[in-house]
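Read off the chains here:
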Amino acid sequence: MYKHFAFALSLLASPVLAEGEFNSINLAGTVVANNKTGLSYEARGCITSLSSDAIKSGAATAGQILVQLDDRAAKLAHKTAQVRLSDLTAAVSERAFAITVANADVARVSEEQDFVNREYDRTRVLFQRGLVNETTLDAAERRKLDATFVVQRAEEALERAKDAKGRAEIALEIGELELQARELDLEALTVRAPLTRLGVAEINADSGFSGIAVATVEQQPQRSPAAPGGQKHQA
């Protein structure tokens, strides 16, 4: 679509030849937009609203909403993804706390193991001196083995906690990507003016559904203000 308007073409005479005077002449002209774009949806759905301002004025600015599809389902999916992401974030925090607890358990049972090992060493010395019997030494050795097993189990629990945190972080990353996808789905239900200084040539919503070109827009050239016709100005 062309935009018709009157513009002024000023013919300036050289100050040397015209003694510092010039005349303005009004001429009629047609400007053709050199950037014309048809807009359509990537998503499908029922059109719920059109930009009345763009329809009335035939113009729009960059980012202005031209057409809106029904976004109720998309908003629900977006909210669900947000809640899911919050749950996954909490799960990562819980796994991090589990690692802290497991580290504390490892430190505690390691100290207990050190005490049992020292007790066993003392008992063995006493046994070698004949101060305790073999039954006492065997009991100290069993306590030493039990303490070793307890430390091993605590270390295994720590590794499991670390693995669980890693899986929770992967799930969190997937949740973040899911939320981004739902945001894109929601954004796809809105047609916005892509350029600055747009003239809206047409908004088509006859069918009420997307899948066709719903708007045609063209970038308008900047207009220089026309000088009043017939006036003479002194240089």
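As a convention, each chain's residues are numbered from 1 in the sequence order in which they are written. Where totals are concerned, whole chains, interfaces and linings use all residues; where local detail is concerned, this predicted model gives features only for residues with pLDDT of at least 70, and gives and counts side-chain atom pairs only at 80 or more. Calculated side-chain values reflect all of the structure's heavy atoms, with hydrogen atoms and water omitted.

What to know about the overall build of the protein chain
Right, so step 1: Assigned secondary structure in the protein chain consists of 4 helices and 10 strands.
Right, so step 2: Helix and strand definitions here come from DSSP, where helices need a minimum of 4 consecutive H or I residues and strands a minimum of 2 consecutive E residues; each element is numbered from the N-terminal end. If you list the helices and strands of the protein chain from N to C, you get β-α-β-β-β-α-β-β-α-α-β-β-β-β.
Right, so step 3: Three exposure classes are used, based on accessible area relative to the maximum for each residue type with a 1.4 Å probe and protein chains only: buried under 20%, partly exposed in between, and exposed over 50%. Residue burial in the protein chain is summarised as follows: out of 235 residues, 25% are buried.
Right, so step 4: Should any heavy atoms of two residues lie within 4.5 Å, those residues are considered in contact. A separation of at least 24 residues holds for 72% of the contacts in the protein chain among residues at least 6 apart in sequence.
Right, so step 5: The protein chains shown are the only cover counted for residues, whose accessible areas, like all others here, come from Shrake-Rupley with a 1.4 Å probe. Carbon and sulfur atoms provide 54% of the accessible area of the protein chain, an area that totals close to 15600 Å².

Comments concerning the packing of helix α3 (residues 72–128) against helix α4 (residues 134–187)
Right, so step 1: In the contact formed by α3 and α4, the axes pass within 7 Å of each other and the chain directions differ by 165°. Comparing the axis directions of α3 and α4 gives the class roughly antiparallel. The way α3 lies across α4 gives a crossing that is left-handed.
Right, so step 2: Grouping the amino acids of the contact of α3 with α4 by side-chain chemistry returns 31 nonpolar, 11 polar and 17 charged. Interaxial angles span 0 to 180 degrees and are taken between N-to-C directions of axes, which are lines fitted to C-alpha atoms, for helices over the stretch in contact. The labels follow the angle: roughly parallel below 35 degrees, roughly antiparallel above 145, roughly perpendicular from 65 to 115, and oblique for the rest. Two helices cross in a left-handed way if the nearer one is turned anticlockwise from the farther one by less than a right angle. They cross in a right-handed way if the turn is clockwise. Put simply, Ala, Val, Leu, Ile, Met, Phe, Trp, Tyr, Cys and Pro go in the nonpolar bin, Asp, Glu, Lys and Arg in the charged bin, and everything else, Gly too, in the polar bin.

Let's talk about the sheet that holds strand β7 (residues 190–192)
Right, so step 1: When DSSP finds two or more bridges between a pair of strands, those strands are recorded as paired. Read from one edge of the open sheet, 3 strands run β4-β6-β7, paired in antiparallel fashion. Either end of the sheet is taken by a strand with one partner, and the two such strands are β4 (47–50) and β7. With strand direction ignored, the average angle separating the axes of adjacent strands in the sheet is 15°.
Right, so step 2: In this sheet, strand β6 (residues 65–69) lies alongside β4 in antiparallel orientation, the contact comprising 3 bridges. The residue bridging Leu 50 from the neighbouring strand is Val 67, located in β6.

As for the pattern of salt bridges
Right, so step 1: Here a salt bridge means any side-chain nitrogen of Lys or Arg lying within 4 Å of a carboxyl oxygen belonging to Asp or Glu. Counted by the stated rule, this structure contains 11 salt bridges.
Right, so step 2: Here Arg 84 makes a salt bridge to Asp 87, at a shortest N to O gap of 3.5 Å. With Arg 84 and Asp 87 both in helix α3 and 3 residues apart, the pair spans about one turn of that helix.
Right, so step 3: Beyond isolated ion pairs, a larger network of salt bridges with shared partners links Asp 105, Arg 108 and Glu 112.

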